[in-house]
Amino acid sequence: MTTSTLNFRSGTSVMVVRELRRTARSIDGLILSIVLPAMILLSFVVIFGGAMNTGTKYVDYVVPAVIVLCAGYGAANTAVGVATDMTTGTIDRFRTLPTYGSAVLAGHVITSVLRNFVSSAVVVGLSFALGFRPAGDAADWLTAIAVLLVFVVAMTWIACLLGLLLSPEAASGSTFLMIFLPYISSGFVPVSTLPEWIRGFAEHQPLTPVIEAVRSNLMGSAASDDVWLTLAWWVPLGVAAHLGAAVLFRRTRKR
Amino acid sequence: MQLSTSHSQRHAGQPIVRAERIHKRFGAHKVLTGVDIELWEGEVVALLGINGAGKTTLINILSTLLKPDQGTAAIAGIDLLASPASARRHFSLTGQYAALDDFQSGHENLVMMARLGGLPRRDAHARARQLLESFELTTAAAKPVSSYSGGMRRRLDLAAGIASRPAALFLDEPTTGLDPQSRHRLWQEIRQLARDGTAILLTTQYLEEADRLADRILILHHGTLVAEGTGSELKGLLGGTHQVRFSFASLEDLDQASALTQATAVDPDAWSLTVATSNTASTIRQVLADLGGTNVANIAILQPTLDDVFLSLTEPNEPTQPAKEPAP
């Protein structure tokens, strides 16, 4: 193993510890990662759930969408951390270290995965208490987790890119897109109940296959194209965002 | 203008930092036009200039954050442009904004920087404890940085900058925004680092800071170094070493006196004029003899300050040093 790989590894682990502290020590971080996902789940299942008619138990219908919404929003919040780093002297100092500079971004991505793992566990755990009864077997669960992993990693790289481009305030604003975009999908209500003009978007937007893939696997009705559609959307998006972020990270200076 | 004795006489071997003919432009704006700079072990060099003189650009070039358009730069003999990654082992940058995480404690910030600088985990903890002790931050070591005062943050920032024991340390306006007490404290720390062998290049807008802290001062103006030397060498640049100020009892007396003497400055509001001289005693005798009956109320001998030098070199109306043509 070369010195630079060693540096990259220890650099990345140092950055992961840093990002975990940032989350665990801020009220915002804890609310975003644990309280908010729980609140969203409770709102849909307990408050709206009674009025919903999706042909199945609503909790079984909506939990996959809530998982995807929370994971997407959690990943999007990486933008705020990256943008904040860019406005302080921190990133300049990191860039003048012998450690491979991208350890900073790699640290953000790994931390985002860990954070969203916790958020998703909170949502799934709570949903069991609310009557969620998934039918998938172990292989289905692993597939669903893999789909979420691809989505979270890609979404985090997009967030890194936005964080490098935007001010912390604008970066924070950009995360709201991830709160609302999932609603225009098959995640919360069947697409057939939406106004006609918006159905096309709801059926074909990139979040729909993620939600459908997670749902079909958790409910044991796998063998759909949604897993492949998820990969077709999010692998190229993630790779493009990663390349863009790597270039910007080396070049961007705020002054 | 080279005032110091040649560095080869004062230092042996190689400088830690050597940059030659550095040019940098942003669009049509030429920020640096042929700057040469050397930095030797254990010396503090102050880079002085007004806002926009190119100080931060030069520091950013030496820190591998920016690439110069022309010129060469090496740190510890390693070419910054050819192998920036290896050069980064030998210097560290402490920028204008403290590069600290508010959500981490002082100890955690230092361990992070030491580990990123390549120290193994155990050594990083030992180094952090040692730095906290020498910067007298031990009692605050476990507290989050968000609870630190401005002076404590700057000290911690400086400690973070040297966590991996760099040979050269670049400080961009290290004391901006500090109260006088914290500033003096930080000066002591910087001087101690230089005594321990670190080569330090700092930018500052405070002439007093350059005068009191630096072994050598470089004045950067419109992208070129217009003067270089120790504080006293630079003060010697002003024809006379001292200024004598004569104050008068009335404006009429002042008018009469200014007609009779070769004053360098006349201040009608304060009813006073100043004469630059290298021999104060004979000047005072001469002026008093010339003035005859004019009523001199007060005589003061003014020490020249670095401000006078700086203003004479950077005032837009005053002729400055002949502009160096950029190297072809």
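Residues numbered from 1 in each chain as written. Chains lettered and ligands numbered in written order. Predicted model: local features only at pLDDT ≥ 70, side-chain atom pairs only at ≥ 80, totals over all residues. Heavy atoms only, no water.

(A) Expanded view of the overall build of chain A. Scanning chain A for helices and strands turns up 12 helices and 0 strands. Relative to its length of 255 residues, chain A is compact, with a C-alpha radius of gyration of 19 Å against a globular reference of 18 Å. With the C-alpha coordinates of chain A rotated into their principal frame, the extents come out at 60 × 40 × 35 Å. Counting across all 255 residues of chain A, residues that qualify as buried make up 51%. At a minimum sequence separation of 6, the contacts of chain A that also span at least 24 residues come to 82%. Summing over all exposed atoms, chain A offers an accessible surface of approximately 11,200 Å²; the carbon and sulfur share of this is 71%. Side-chain charges in chain A split into 17 positive and 13 negative, and the spacing between the mean points of these groups amounts to 16 Å. (Helix = DSSP H or I, 4+ residues; strand = E, 2+ residues; numbered from the N terminus. Rg over C-alpha atoms; globule rule 2.2 N^0.38 Å. Buried < 20%, exposed > 50% of the residue type's maximum accessible area, 1.4 Å probe, protein only. Contact = heavy atoms within 4.5 Å. Areas by Shrake-Rupley, 256 points an atom, 1.4 Å probe, with all protein chains shown as cover. Lys, Arg positive; Asp, Glu negative; His and termini not counted. Charge placed at Lys NZ, Arg CZ, Asp CG, Glu CD.)

(B) Quick peek at the sheet that holds strand β9 (residues 216-221) of chain B. All names here are of chain B. Strand order in this open sheet of 6 strands is β6-β7-β8-β3-β9-β10, and the pairing throughout is mixed. Among the strands making up the open sheet, the edge pair consists of β6 (91-94) and β10 (224-229). If you compare each strand with its neighbour and ignore which way they point, the axes differ by 20° on average. Sheet topology note: the β9/β10 ladder contains 5 bridges and is antiparallel. (Pairing = 2+ DSSP bridges. Axes fitted to C-alpha atoms, helices over the stretch in contact; angles between N-to-C directions.)

(C) Spatial organisation of the sheet that holds strand β13 (residues 272-277) of chain B. Residues and elements named next belong to chain B. Here 4 strands make up an open sheet; going across it, the order is β12-β13-β11-β14 and the pairing antiparallel. Only two strands of the sheet have a single neighbouring strand rather than two, namely β12 (265-267) and β14 (296-302). Across the sheet, the mean angle separating the axes of adjacent strands is 20° when strand polarity is ignored. Bridge count between strand β11 (residues 242-248) and β13: 6 bridges; the pairing is antiparallel. In the strand pairing of β13, S247 is matched with S272. Sitting on the sheet, helix α10 (residues 251-260) touches β11, β12 and β13, and the angle it makes with β13 is about 25°.

(D) Structural view of helix α2 (residues 55-62) of chain B. Summarising burial for α2(B): 8 of the 8 residues are buried, a large majority. T64(B) lies just past α2(B) and shows a positive phi near 65°.

(E) Structural view of the packing of aromatic side chains. Residues and elements named next belong to chain A. Taken as a whole, this structure holds 9 aromatic pairs over all chains when the rule is applied. Each ring, one from F44 and one from F48, has its centre 5.3 Å from the other, and the planes form 70°; the classification is edge-to-face. Of the two residues, F44 and F48 both sit in helix α2 (residues 27-48), 4 residues apart, roughly one turn of that helix. Ring geometry for Y58 versus Y61: centroids 6.1 Å apart, planes at 25°, classification stacked. Of this pair, Y58 and Y61 both sit in helix α3 (residues 58-76), 3 residues apart, which is roughly one turn of the helix. Since its relative accessible area comes to 7%, Y58 is described here as buried. Note on Y61: relative accessible area 11%, which makes it buried. Ring-pair connections join several aromatic residues into one group, and the members of that group are F44, F48, F180, Y183 and F188. Between R215 and the ring centre of Y61, over which it is positioned, the NZ or CZ distance is 3.8 Å. (Phe/Tyr/Trp six-rings, centres within 6.5 Å; stacked < 30°, edge-to-face > 60°. Lys NZ or Arg CZ within 6 Å of the ring centre and 35° of its normal.)

(F) Region of the structure containing the confidence of the model for chain B. Residues and elements named next belong to chain B. For chain B, mean pLDDT is 85; residues scoring 70 or higher make up 91% of the total. Per-residue pLDDT stays below 50 along residues 4-9; that stretch engages in 10 contacts with residues further than four places along the chain or on separate chains. Across residues 317-328, where pLDDT falls below 50, the model places 17 contacts with residues more than four positions away in sequence or in other chains. Interface confidence for the predicted complex, given as ipTM, is 0.82, next to a pTM of 0.78. (pLDDT = per-residue confidence, 0-100.)

(G) Looking closely at the interface of chain A and chain B. Contacts between the two partners involve 23 residues from chain A and, on the opposite side, 29 residues from chain B. Approximately 2,400 Å² of surface area, both sides summed, lies buried where chain A meets chain B, with 56% of it carried by carbon and sulfur atoms. Remark: the boundary between chain A and chain B carries 4 salt bridges. With a shortest N-O distance of 2.7 Å, R25(A) and E108(B) are connected by a salt bridge. The tally of links from chain A across to chain B stands at 9 residue pairs in polar contact (both at pLDDT 80 or more). Every element with two or more residues in the side of chain A that touches chain B is listed here: α1 (3-24) and α5 (90-95) of chain A. Here the element with the most residues in the side of chain A that touches chain B is α1(A); it accounts for 9 residues. Partitioned by chemical class, the residues of the side of chain A that touches chain B number 5 nonpolar, 9 polar and 9 charged. (Buried area = accessible area lost by both parts, 1.4 Å probe. Salt bridge = Lys/Arg side-chain N within 4 Å of Asp/Glu carboxyl O. Polar contact = N/O pair within 3.5 Å; in protein donor to acceptor, adjacent residues only side chain to side chain. Nonpolar A, V, L, I, M, F, W, Y, C, P; charged D, E, K, R; others polar.)

(H) Highlighting the pattern of salt bridges. Residues and elements named next belong to chain A. With the rule as written, the count across this model stands at 19 salt bridges over all chains. Here E19 ties to R18 by a salt bridge, and the two come within 3.2 Å at their closest N and O atoms. Since its relative accessible area comes to 1%, R18 is described here as buried. The closest approach of N and O atoms between D92 and R95, which form a salt bridge, is 3.1 Å. With D92 and R95 both in helix α5, this residue pair falls 3 residues apart, about one helical turn. Comparing D92 with R95 shows no difference in burial state: the two are buried.

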